[in-house]
Amino acid sequence: MRAVVQRVSRARVVVGQEIVGEIGRGLLVLLGVARADTIAQAEWLADKIVTLRIFQDDEGKMNLGVAEVSGEVLVVSQFTLYGDCCKGRRPSFVEAAPPETAIPLYEKFVEAVRAQGIKTATGRFGAMMQVELVNDGPVTLIVESK
């Protein structure tokens, strides 16, 4: 699994005219699932992201996790994170998991974040989404499971 994690002061996902997910201070997670990914990887990645110490403490050091700042998480599925642009002009998505594989792993990731007591919102899997965010810092990381 591959995630682009952004520390945000706010973020939301809009489908059509409907806001389907919205958070205040916290993390926006763009989540890609590969064909060979497993439930164990989804759980590991959720724990890794929730415990990342990327929020500032009283001394201005990135030393706190999202739970320690009462932050929220917005998870948005993004199969294009597995787009391979090495050949030609059009990305290849052969590494991205098909929906029948990706949906349960995406849902397991969301469940694992929520299980840690984090308020979690989501986009809508497979929908054309507009993602709006205010990147705080900016802080943006790429985190991958093994």
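Quick notes on the rules
- Residues numbered from 1 in each chain as written.
- Predicted model: local features only at pLDDT ≥ 70, side-chain atom pairs only at ≥ 80, totals over all residues.
- Heavy atoms only, no water.
- Helix = DSSP H or I, 4+ residues; strand = E, 2+ residues; numbered from the N terminus.
- Rg over C-alpha atoms; globule rule 2.2 N^0.38 Å.
- Buried < 20%, exposed > 50% of the residue type's maximum accessible area, 1.4 Å probe, protein only.
- Contact = heavy atoms within 4.5 Å.
- 1 Å grid on protein atoms, 1.4 Å probe; cavity = no way out; pocket = protein on both sides within 12 Å on 5 of 7 lines; lining within 4 Å.
- Points joined across faces, edges and corners; volume = space filled by probe spheres on them.
- Nonpolar A, V, L, I, M, F, W, Y, C, P; charged D, E, K, R; others polar.
- Salt bridge = Lys/Arg side-chain N within 4 Å of Asp/Glu carboxyl O.

### Digging into the overall build of the protein chain
Across its full length, the protein chain holds two helices and eight strands. Going from N to C terminus, the protein chain has its helices and strands arranged as β-β-β-α-β-β-β-α-β-β. The C-alpha atoms of the protein chain give 15 Å as radius of gyration, which agrees with the globular expectation for 146 residues (15 Å, within 12%). Burial status across the protein chain gives 43% buried among its 146 residues. Once local pairs closer than 6 in sequence are excluded, the contacts in the protein chain between residues at least 24 apart make up 73%.

### Quick look at the environment of R35
In this structure, R35 sits in the loop between strand 3 (26–32) and helix 1 (39–50). Look at R35 and you get exposed, because its relative accessible area is 52%. Separated by 11 residues in sequence, R35 and A46 place their C-alpha atoms 18 Å apart. Apart from residues no more than four positions distant in its own chain, R35 is found in contact with V94, E95, A96, A97, P98 and T101.

### Topic: the layout of surface pockets
Estimated volume of the largest pocket: approximately 410 Å³. Lining the largest pocket are 19 residues, with S77, Q78, F79, G126 and M129 positioned closest to its centre. Elements with a contribution of two residues or more to the lining of the largest pocket: strand 3, strand 6 (72–77) and helix 2 (99–114). The element best represented in the lining of the largest pocket is helix 2, accounting for three residues. The class makeup of the residues in the lining of the largest pocket is 14 nonpolar, five polar and no charged.

### Some words on the pattern of salt bridges
Evaluation of the coordinates by the stated rule reveals seven salt bridges. Where D136 meets R7, a salt bridge forms, and the shortest distance between an N and an O atom there is 3.4 Å. One end of the pair, D136, is in strand 8 (residues 130–144); the other, R7, is in strand 1 (residues 2–15), with 129 residues separating them in the sequence. For E18, the salt bridge identified is with R124, shortest N-O distance 3.2 Å. Pair noted here: E18 is in strand 2 (residues 18–23) and R124 is in the loop between strand 7 (119–122) and strand 8, with a separation of 106 residues, a long-range link.

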